Amino acid sequence: MSDAPNSQSIQRRGLMLVLSSPSGAGKSTIARTLLEKDKGLSLSVSVTTRQRRDSEIEGVHYHFVSETEFKRLRDSDGLLEWAEVHGNFYGTPREAAEQALSEGRDMLFDIDWQGALQLQDKMAADVVSIFILPPSFEELRARLNRRAEDTAEVIEKRLANAAEEMSHWGEYDYVVVNEDLNIAFSSVKSIVDAERLRRDRRPGLFGFIESLSKGS
Ligand code: ADP
Ligand code: 5GP
């Protein structure tokens, strides 16, 4: 049997899908749906010093760590990027992300604009970044209240930070307004599908085209 590359096995580099938004715009909801429907994508589980919400599971949504542990990780170069957001520390564990990418697996990063900038600086060719916006400020407030996972004080702090966070929309490759969840999800999925087909992300095309050409 020939071991020439076929159209199914064309080698591709893993992409780093970065989703950011002001808190409450729906980024985690879109990320969750994407992870359920797209088995080629895995989530980068961040470390955080934030308190765990009732609905969150250690190791699934975050690795919840003390500030001492966070600083130990950060200072031993264990984080690919990190930032202080709404008064807590968050960071991306280096090892899991680097391993996925080296194996050509795609990873989703639910991180803020500071982290997105750091990944864009370090790994520009692999990063695809999407900024999710709410349809209005009133709806952003309503979603944070409906989520009912944070105290009133935390919600106010997040709303107060929203304008500053949204001012970074121009640093992203794509912007999606999450009014209707199904439409927003389809937009994000289309971006991922198209980015996977980019020529410069598919070094395996060289061998595939060579084998096609030999057959002609
Ligand atoms: P983020 O991760 O951006 O902070 P979430 O994904 O937690 O936001 O969404 C905040 C709340 O808004 C959740 O209760 C979620 O179910 C809800 N939500 C998300 N998208 C929509 C939408 N398009 N329409 C209405 N509610 C939404
Ligand atoms: P939350 O507390 O709502 O889970 O997240 C607050 C903010 O921190 C969100 O904007 C989220 O995307 C961001 N965030 C979560 N993990 C990371 C991370 O590892 N790095 C950075 N830079 N931001 C993160």
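Computed from a predicted structure; not experimentally measured.

The rules behind the values
Residues numbered from 1 in each chain as written. Chains lettered and ligands numbered in written order. Predicted model: local features only at pLDDT ≥ 70, side-chain atom pairs only at ≥ 80, totals over all residues. Heavy atoms only, no water. Near = heavy atom within 4 Å. Polar contact = N/O pair within 3.5 Å; in protein donor to acceptor, adjacent residues only side chain to side chain. Areas by Shrake-Rupley, 256 points an atom, 1.4 Å probe, with all protein chains shown as cover. Salt bridge = Lys/Arg side-chain N within 4 Å of Asp/Glu carboxyl O. Helix = DSSP H or I, 4+ residues; strand = E, 2+ residues; numbered from the N terminus. Core = buried A, V, L, I, M, F, W, Y, C linked by side-chain atoms within 4.5 Å. Buried < 20%, exposed > 50% of the residue type's maximum accessible area, 1.4 Å probe, protein only. Contact = heavy atoms within 4.5 Å.

Visitor: So what exactly am I meant to see when it comes to the site of ligand 1 here?
Guide: Taken together, 17 residues lie near ligand 1, and Gly 24, Ser 28, Thr 29, Arg 147 and Asn 178 sit nearest. In the model, an oxygen atom of ligand 1 is placed 3.2 Å from a nitrogen or oxygen of the Ser 21 side chain. Within the side chain of Thr 29, one N or O atom sits 2.6 Å away from an oxygen atom of ligand 1. For ligand 1, whose unbound accessible area comes to 560 Å², protein coverage reaches 79%.

Visitor: What's the story with the pattern of salt bridges in this structure? I'm lost.
Guide: Proximity of charged atoms lets side chains of opposite charge pair with each other. Within this structure, the stated rule accounts for 23 salt bridges. Across the pair Arg 72 and Glu 69 runs a salt bridge, and its minimum N-O distance is 3.0 Å. A residue pair is termed a helical-turn pair when its members lie 3 or 4 positions apart in one helix, as Arg 72 and Glu 69 do in helix H2 (residues 67-75) at three residues. Across the salt bridge formed by Lys 214 and Glu 210, the nearest N and O atoms sit 3.7 Å from each other. With a gap of four residues between them, Lys 214 and Glu 210 both fall in helix H8 (residues 205-214), about one helical turn apart. When salt bridges that share partners are traced, they join Asp 38, Asp 106, Lys 189, Asp 193 and Arg 196 into one network.

Visitor: I tried to follow the nonpolar core on my own but got confused; where do I start?
Guide: Grouped burial of nonpolar side chains is what soluble globular proteins tend to show. Leu 17, Leu 34, Leu 108, Ile 130, Ile 132 and Val 188 are the most contacted members of the largest nonpolar core, which totals 24 residues. Those elements giving two or more residues to this core turn out to be strand S1 (16-20), helix H1 (27-37), strand S8 (127-133), helix H5 (137-147), helix H6 (152-166) and helix H7 (181-196). A per-element tally of this core places H7 first, with five residues. Val 188 has contacts with Leu 19, Ile 30, Leu 34, Ile 130, Ile 132 and Val 176, leaving out every residue within four places of it along the chain. Counting residues in each nonpolar core, the second largest holds 17 residues, with Met 16, Leu 80, Leu 101 and Met 107 among its members.

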